[in-house]
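Listed below are the residues making up each chain.
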Amino acid sequence: MAQRKIHVAVLDADIPCLSVYRARGLYSSQFRVLLQAAAQRLNKTPEILQTGPLAVHVTAFDAVGGSLPPLETLRTNPKSPAEPHAGGPLSPIDAILITGSASSAYDDQPWIHAMQSYIQTVHTHYPNVKLFGSCFGHQIIAQALLGINSNSNHPPTSTFHVAHSSAGYEMGIQPITLQPSFTARFPPLARATAQNPFRIQLIHGDAVVPTPEAQAAAGQTKVSLPAPWSSIGSSAQCAIQGLYNPGRVLTYQGHFEFDTFVNGELAQEFGRRAGWSASVIAEYLELIYRSRVPGLEDDDDAKAAAEAVLLFFAGEDGDLMGCGGGSGMITPPLD
């Protein structure tokens, strides 16, 4: 069976600190390596990968420098599960991945405004292109598509924004409880349960939360995401650890692309920039190194998280129980 190549445009929203860049390259390079490795693992599990083997091609774009994928390079027609990737790297872009960043989604920066507008355009006019965001990517997608100005023609049914977390930084490995209705669509995540929480590296001080106006209007009632959006899960410190719109959007607040080395180096760099004390940095590093196993790979769920993202890009996230997410068919309700 011919391989299906998924063409992913990775928007670099930052440059890693020098020690990480020397060891791993740009964030787009790190995602390329991990997604290609995920494809190799999934190709050995035909019981999970129903529509044949996958390959991943990544094209990187310097979003901070104003480089975004030209709209004419985006996929405009549905991709058949049996369709091989013809034409090499110039074939249509199937998915857009937005990396993490030291910037905040609400910063008044031209490149951030341009990215937010671009996300809205892609989501509105290119339904065959998937959107994924990690950390900053998660937050700017939420701001673009769930914020108060996300649709100028109709008022949003639910209003969320990105704000500095009142709980402070969430760092390292923290137990994340994923929604069963979300994990049911992604077999690699099946091991994540309330008794066995999801574990990937975290490093963020901002979060996606309801706006004060929306919370005031809701009173004591929890502000809900508009259907068919849902939160993928929560931690003790962060109620929205990612967003999911079947067949269209997936985000993680955490970083499956970070291991203990990368996150540890970044935490120390952030500490130098922000003037954190040595004791605070040491505390954060202890949380980051929770998953470190000397001489072996980290003990976390980064591989499963990467495989879930690739299944999402391949359109294999919405076909349970005869439902096709993004195909126009009804999807089962999500918690």
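The shown structure was predicted, so the numbers you read here are calculated from the model rather than taken from an experiment.

What counts, and where the lines are drawn
- Numbering of residues starts from 1 in every chain and runs along the sequence as written.
- Owing to the predicted nature of the model, reporting of local features is limited to residues with pLDDT of at least 70; listing and counting of side-chain atom pairs is limited to 80 or more, with chain, interface and lining totals taken over all residues.
- Side-chain calculation: all heavy atoms of the structure are included, whereas hydrogens and water are not.
- Here a cavity denotes a set of grid points, spaced 1 Å apart and computed over the protein atoms alone, in which a 1.4 Å probe fits but from which it cannot get out, and a pocket denotes an open set meeting protein on both sides within 12 Å along at least five of seven lines; residues with an atom within 4 Å of a point are reported as lining.
- Grid points are joined across faces, edges and corners, and a volume is the space filled by probe spheres set on the points.
- Helix and strand assignments come from DSSP, with helices taken as H or I runs of at least 4 residues and strands as E runs of at least 2, each series counted from the N terminus.
- Throughout this description, the term nonpolar core refers to a set of buried Ala, Val, Leu, Ile, Met, Phe, Trp, Tyr and Cys residues connected via side-chain atoms within 4.5 Å.
- The classification of residues rests on relative accessible area computed with a 1.4 Å probe and restricted to protein chains. Under 20% of the type maximum is buried, over 50% is exposed, and intermediate values are partly exposed.
- Contacts are assigned to residue pairs that have any heavy atoms within 4.5 Å of one another.
- The patches described consist of residues with a relative accessible area above 30% and no salt bridge, like charges being joined within 9 Å and nonpolar side chains (Val, Leu, Ile, Met, Phe, Trp, Tyr) within 5 Å.
- To measure how exposed things are, a 1.4 Å probe is used in the Shrake-Rupley method; for residues, cover is taken only from the protein chains shown.
- Between Lys or Arg on one side and Asp or Glu on the other, a salt bridge is scored when a side-chain nitrogen of the former is within 4 Å of a carboxyl oxygen of the latter.
- Between N-to-C directions, angles span 0 to 180 degrees; the directions come from axes that are lines fitted to C-alpha atoms, helices contributing only their stretch in contact.
- By the definition adopted for this analysis, an angle is roughly parallel if under 35 degrees, roughly antiparallel if over 145, roughly perpendicular if from 65 to 115, and oblique otherwise.
- Charged means Asp, Glu, Lys or Arg here, nonpolar means Ala, Val, Leu, Ile, Met, Phe, Trp, Tyr, Cys or Pro, and polar covers whatever is left, Gly included.
- In this analysis, the expected span of each helix is defined as 1.5 Å times one less than the number of residues it contains.
- In this description, the arc belongs to the directions extending from the helix axis to the C-beta atoms.
- Crossing handedness follows the turn of the near helix against the far one: under a right angle anticlockwise gives a left-handed crossing, and clockwise gives a right-handed one.
- Stacked, tilted and edge-to-face are the three classes assigned to paired rings of Phe, Tyr and Trp, where Trp is represented by its six-membered ring and a pair needs centres within 6.5 Å; plane angles under 30 degrees give stacked, over 60 edge-to-face, the rest tilted.
- The rule is short: NZ of Lys or CZ of Arg within 6 Å of the ring centre and within 35 degrees of the ring normal puts a charge over the ring.

Chemist: So what exactly am I meant to see when it comes to empty space enclosed by the protein here?
Modeler: Left-over empty space is what a probe sized like a water molecule reveals as it rolls over the atoms. Under the criterion given, the structure shown has one cavity of 30 Å³ or more. Taken as a whole, the largest cavity spans an internal volume of roughly 30 Å³. Lining the largest cavity we find D14, I15, P16, C17, Y27, A102, L266, F270 and R273. Broken down by element, the lining of the largest cavity gets its largest block of residues, three residues, from helix 7 (residues 260-274).

Chemist: How do you make sense of the nonpolar core when you look at a structure like this?
Modeler: Soluble globular proteins: nonpolar side chains tend toward being buried together. Counting 40 residues, the largest nonpolar core has V8, L250, Y252, F256 and F313 as its most contacted members. Where this core is concerned, the elements lending two or more residues are strand 1 (4-12), helix 2 (27-42), strand 2 (54-62), strand 3 (95-98), strand 13 (249-252) and helix 9 (302-313). Ranked by the residues each element gives to this core, the list is headed by helix 9, at ten residues. Setting aside chain neighbours within four positions, we find F313 in contact with I6, V8, L35, A95, L97, K130 and F132. Counting 36 residues, the second-largest nonpolar core is a separate cluster that includes I93, V162, A214 and W229.

Chemist: Explain a nonpolar patch on the surface here, please?
Modeler: A surface patch of nonpolar side chains, amounting to about 320 Å² of accessible area, comprises I15, L18 and Y21. Position of Y21 relative to the elements: it lies in helix 1 (residues 18-24).

Chemist: Would you mind going over the packing of helix 2 against helix 9 with me for this structure?
Modeler: How two helices sit against one another is set out by the angle between their axes and by the gap between those axes. Packing of helix 2 against helix 9 leaves a shortest axis separation of 9 Å and a crossing angle of 85 degrees. Classified by the angle their axes make, helix 2 and helix 9 are roughly perpendicular. Two secondary-structure elements touch here, helix 2 through L34, L35, A38, A39, R41 and L42 and helix 9 through K303, A306, E307, V309, L310, L311 and F313. Partitioned by chemical class, the residues of the contact of helix 2 with helix 9 number ten nonpolar, no polar and three charged.

Chemist: How should I be thinking about helix 3 (residues 110-125) in this particular structure?
Modeler: Residues three or four positions apart in an α-helix share a direction because the helix packs 3.6 residues into each turn. With 16 residues, helix 3 ought to run about 22 Å at 1.5 Å a step, and its terminal C-alpha atoms sit 22 Å apart, in line with that. The set of residues buried in helix 3 consists of W111, I112, M115, Y118, I119, V122 and H123. Along the long axis of helix 3, the arc covered by the buried residues comes to 125 degrees, so they all point the same way. Counted as exposed and oriented over 90 degrees from the buried face of helix 3: P110, T124 and H125.

Chemist: Sorry, what's going on with unusual backbone geometry here?
Modeler: Of all residues except glycine, most have a negative phi; of all peptide bonds, most are trans. With omega at 5 degrees, the peptide bond leading from A227 into P228 counts as cis. One can find P228 in the loop between helix 6 (212-218) and strand 10 (230-231). Even without a glycine there, the phi angle at C135 is positive, about 55 degrees. In this fold, C135 is placed in the loop between strand 4 (130-134) and helix 4 (136-146). Overall, C135 belongs to the buried group, its relative accessible area being 6%.

Chemist: Would you mind showing me how to read the packing of helix 7 against helix 8 (residues 278-288) here?
Modeler: The N-to-C vectors of helix 7 and helix 8 enclose an angle of 165 degrees; their axes lie 10 Å apart at closest approach. Taken together, helix 7 and helix 8 sit at an angle that is classed as roughly antiparallel. Here helix 7 and helix 8 pass one another in a crossing that is right-handed. In this structure, helix 7 uses T260, N263, G264, A267, Q268 and G271 to contact helix 8, whose residues at the interface are I281, L285 and I288. Tallied by class, residues from the contact of helix 7 with helix 8 come to four nonpolar, five polar and no charged.

Chemist: Got a minute to help me understand the packing of aromatic side chains in this structure?
Modeler: The relative placement of two aromatic rings is captured by the distance of their centres and the angle of their planes. Per the counting criterion, the structure on display carries 15 aromatic pairs. For the ring pair F31 and F256, a centre distance of 5.4 Å and an interplane angle of 75 degrees mean the geometry is edge-to-face. Here F256 lies in the loop between strand 13 and helix 7 and F31 lies in helix 2, a separation of 225 residues in the sequence. Here the two residues F31 and F256 agree in accessibility, since each one is buried. Among the aromatic side chains, those forming a connected cluster through ring pairs are F31, F132, F198, Y252, F256, F312 and F313. Seen from the ring of F312, K130 lies directly overhead, with NZ or CZ sitting 5.3 Å from the centre. Just above the ring of Y289 sits the side chain of R292; from NZ or CZ to the centre is 4.0 Å.

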